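Single-letter residue listing:
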Amino acid sequence: MSRIGKMPIAIPAGVTVEIAENNLVTVKGPKGELSRTLPKEMTIKEEDGKVVVGRPNDLKREKALHGLTRSLINNMVIGVTDGFEKKLEVNGVGYRAAKSGKTLTLSLGYSHPVEMIDPEGITSEVQGTNVIIVKGIDKEAVGQYAADIRAKRPPEPYKGKGIKYADERIRRKVGKTGKK
């Protein structure tokens, strides 16, 4: 049995979970509303303040979907109550980030500044000139936007310049040595 899939999801106060046909799950909470169509093979039920996910049989595909479905619903519940955030750091001489309105402007050593507009439901803020915080209620969208920002200048292994996640560790390499 799936250890993750069989755990019930507790619904906190102020959060409502609606399960419609074709496994369309809508979660409403203090921070907003999220809805997602989940695999139709899974059975999703709401029982006395908890959401329980079940699977029809023990095929490999159903086992995989069982844990995934439970995790997706749990992330929706966490998103509408607390929200998600990713922190990125900009490292390098002359590399900096600035925010004006919904536009994030990155100076990354290119001949032009890189401008990115925040997607719907996602906000980004800049602390100082080198820390970017991406916030939102949809875990997948927050992670994707943070990955898009990081992709503009990934960290390089020799000097460590570029944009990295705050908890990421860059494996450094030794540069060339001169002839003897």
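As the structure is a computational prediction, the values presented were derived from the model and not from experiment. (Residues numbered from 1 in each chain as written. Predicted model: local features only at pLDDT ≥ 70, side-chain atom pairs only at ≥ 80, totals over all residues. Heavy atoms only, no water.)

Chemist: How do you make sense of helix α2 (residues 139-151) when you look at a structure like this?
Modeler: The end-to-end C-alpha distance of α2 is 18 Å, a good match for the 18 Å that 13 residues give at a rise of 1.5 Å each. When α2 is considered as a whole, its buried residues turn out to be Val142, Gly143, Tyr145, Ala146 and Ile149. Buried residues in α2, looked at end-on, bunch into an arc of 165 degrees, giving them a common side. In this structure, α2 carries Glu140 and Ala151 as exposed residues pointing more than 90 degrees from its buried face. (Helix = DSSP H or I, 4+ residues; strand = E, 2+ residues; numbered from the N terminus. Expected span 1.5 Å × (residues − 1). Buried < 20%, exposed > 50% of the residue type's maximum accessible area, 1.4 Å probe, protein only. Arc of directions from axis to C-beta.)

Chemist: Explain the pattern of salt bridges to me, please; I cannot follow it from the model alone.
Modeler: If charged atoms from side chains of opposite charge come close, those side chains can pair. Applying the stated rule across the entire model yields 8 salt bridges. Between arginine 55 and aspartate 58 there is a salt bridge whose closest N-O contact spans 3.0 Å. Residue arginine 55 is classed as buried on the basis of its relative accessible area of 14%. In this structure, the salt-bridge partner of lysine 99 is aspartate 118, at a minimum N-O distance of 2.3 Å. Of this pair, lysine 99 sits in strand β8 (residues 96-100) while aspartate 118 sits in the loop between β10 (114-117) and β11 (122-127); the two residues are 19 residues apart in sequence, bridging distant segments of the chain. Accessibility expressed as a relative area gives 7% for aspartate 118, which makes it buried. (Salt bridge = Lys/Arg side-chain N within 4 Å of Asp/Glu carboxyl O.)

Chemist: Is there a simple way to think about the nonpolar core in this case?
Modeler: As a rule of thumb, soluble globular proteins bury nonpolar side chains together. Counting 19 residues, the largest nonpolar core has Val17, Val25, Val27, Leu38, Ile44, Val51 and Ile73 as the members making the most contacts within it. Those elements that provide at least two residues to this core are β3 (24-29), β6 (50-54) and α1 (60-81). For this core, the element with the most residues is α1, which contributes 6 residues. Leu108, Val114, Ile132 and Val142 belong to the second largest nonpolar core, which has 18 residues in total. (Core = buried A, V, L, I, M, F, W, Y, C linked by side-chain atoms within 4.5 Å.)

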